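A closer look at the structure
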Amino acid sequence: MSMDPTKWISFDKVSAEAQKRIETLYPYLKFDNCQFQEKHSGVFMRQGNSVKIEKLLDPPGYGPKRPTPTTTTTATATRTRRG
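Now for a quick tour of the structure. Please read these numbers as outputs of a predicted model, since none were measured by experiment.

What counts, and at which threshold
Residues numbered from 1 in each chain as written. Predicted model: local features only at pLDDT ≥ 70, side-chain atom pairs only at ≥ 80, totals over all residues. Heavy atoms only, no water. Pairing = 2+ DSSP bridges. Helix = DSSP H or I, 4+ residues; strand = E, 2+ residues; numbered from the N terminus. Axes fitted to C-alpha atoms, helices over the stretch in contact; angles between N-to-C directions. Contact = heavy atoms within 4.5 Å. Buried < 20%, exposed > 50% of the residue type's maximum accessible area, 1.4 Å probe, protein only. Phe/Tyr/Trp six-rings, centres within 6.5 Å; stacked < 30°, edge-to-face > 60°.

Spatially, the 3 strands line up as an open sheet ordered β1-β2-β3, and their pairing is antiparallel. Each edge of the sheet is formed by a strand with only one pairing partner; in this case those strands are β1 (34-39) and β3 (53-57). Taken pair by pair, the neighbouring strands of this sheet meet at an average axis angle of 30°, ignoring direction. In the sheet, strand β2 (residues 42-47) pairs with β3 via 4 bridges, with the strands oriented antiparallel. Bridging across to β3, Val-43 finds its partner in Leu-57. Of the strands in this sheet, β1, β2 and β3 are in contact with helix α1 (residues 16-25), which crosses β3 at around 100°.

Dropping the structure here:
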């Protein structure tokens, strides 16, 4: 994950849409202790000057992929009796 160390911003500089989503999903976060980066791949956060970076949000419109329906065929074994 490539993060530009000069692009960390405070919560009030994050886009309004991202702020709203973060406040809804993470009401317990203390925003004054966090720094953020908005990228095409989502919104990332780190606590203070910590090394650990967490991805908070996926980009808008990104949803979990739905599994494609698969066709399953059941194999039936046939036995022949020789007499």
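Right, picking up where we left off after that structure.
In this section: the environment of Val-43. Residue position: Val-43 is located in strand β2. Val-43 sits in the buried class, given a relative accessible area of 6%. Along the backbone, Val-43 and Val-14 are 29 residues apart, and their C-alpha atoms lie at a distance of 9.0 Å. With residues near it in sequence (within four places) discarded, Val-43 still touches Ala-18, Ile-22, Phe-36, Gln-37, Glu-38, Glu-54, Lys-55, Leu-56 and Leu-57.

Attention now goes to the packing of aromatic side chains. Here the structure, examined in full by the defined rule, presents 3 aromatic pairs. Taken together, a centroid distance of 3.9 Å and an interplanar angle of 15° make the contact between Phe-11 and Phe-31 stacked. Residue Phe-11 is located in the segment before α1, and its partner Phe-31 is located in the loop between α1 and β1; the two are separated by 20 residues in the primary sequence. Seen from their ring centres, Phe-11 and Phe-36 are 5.5 Å apart, and the 55° between their planes marks the pair as tilted. Here Phe-11 is found in the segment before α1, whereas its partner Phe-36 is found in strand β1, with 25 residues between them in sequence. Assigned by exposure class, Phe-11 and Phe-36 land together as buried. These aromatic residues form a ring-pair network of at least three members: Phe-11, Phe-31 and Phe-36.

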